[in-house]
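Here are the chains, one letter per residue:
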Amino acid sequence: MSNCHSCCGILGLFLGFLTGVVWLLLSTLNVITGFFTLVGLGSLGGILNILIALIGFLVCIVFGLLIFKKAWRCYHKK
């Protein structure tokens, strides 16, 4: 496998990172809480807002590290 190709492409990693950023942004701007309030589940919205923010943050960290590792391997290949 030359040119740093693997089963998990850089586009997939970037889309995973971007998805985490979107979930974190939606949670930070209280869109999720507003949605659950609109539906009538306002008390559940606060809890889910925190959980989605935590999951979005962890996804950003994990996919960000994977992108960094892939770029590092391609830059320092033997």
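Further up the page is the structure itself.
Here the structure is a predicted model, which is why all the values come from computation and not from measurement. (Residues numbered from 1 in each chain as written. Predicted model: local features only at pLDDT ≥ 70, side-chain atom pairs only at ≥ 80, totals over all residues. Heavy atoms only, no water.)

**Description of the environment of Gly12**
Okay, so step 1: Within the element layout of this structure, Gly12 appears in helix α1 (residues 10-28).
Okay, so step 2: With 55 residues separating them along the chain, Gly12 and Ile67 place their C-alpha atoms 9.7 Å apart. (Helix = DSSP H or I, 4+ residues; strand = E, 2+ residues; numbered from the N terminus.)

**Looking at helix α2 (residues 31-39)**
Okay, so step 1: If you check which residues of α2 are buried, you get Ile32, Thr33 and Phe36. Looking straight down α2, one finds that the buried residues subtend no more than 100° of arc, so they occupy a single side.
Okay, so step 2: The elements touched by buried residues of α2 are α1 and α3 (42-75).
Okay, so step 3: Note on α2: the residue one or two positions beyond its end, Gly40, has a positive phi of about 110°. (Buried < 20%, exposed > 50% of the residue type's maximum accessible area, 1.4 Å probe, protein only. Arc of directions from axis to C-beta. Contact = heavy atoms within 4.5 Å.)

**Some details on the packing of aromatic side chains**
Okay, so step 1: Using the criterion set out here, one finds two aromatic pairs in the structure.
Okay, so step 2: The interplanar angle of 70° and the centroid separation of 5.6 Å between the aromatic rings of Phe35 and Phe36 together place this pair among those described as edge-to-face.
Okay, so step 3: On the basis of relative accessibility, which here comes to 16%, the residue Phe36 falls in the buried class.
Okay, so step 4: With a centroid separation of 5.8 Å and 35° between ring planes, the pair formed by Phe68 and Trp72 is classed as tilted. Of this pair, Phe68 and Trp72 both sit in helix α3, four residues apart, which is roughly one turn of that helix. (Phe/Tyr/Trp six-rings, centres within 6.5 Å; stacked < 30°, edge-to-face > 60°.)

**Describing the side chain of Asn49**
Okay, so step 1: With respect to the secondary-structure elements, Asn49 resides in helix α3.
Okay, so step 2: Exposure remark for Asn49: the relative accessible area of 9% places this residue in the buried category.
Okay, so step 3: Within the local environment of Asn49, its side chain forms a polar contact with the side chain of Asn30, the two groups lying 3.1 Å apart. (Polar contact = N/O pair within 3.5 Å; in protein donor to acceptor, adjacent residues only side chain to side chain.)

**Observations regarding α3**
Okay, so step 1: Taking 1.5 Å of rise per residue, 34 residues should cover 50 Å, and α3 covers 49 Å from first to last C-alpha, within 8% of that figure.
Okay, so step 2: What α3 keeps buried is the set Gly45, Asn49, Gly56, Cys60 and Lys70.
Okay, so step 3: If you follow the buried residues of α3, they end up packed against α1 and α2. (Expected span 1.5 Å × (residues − 1).)

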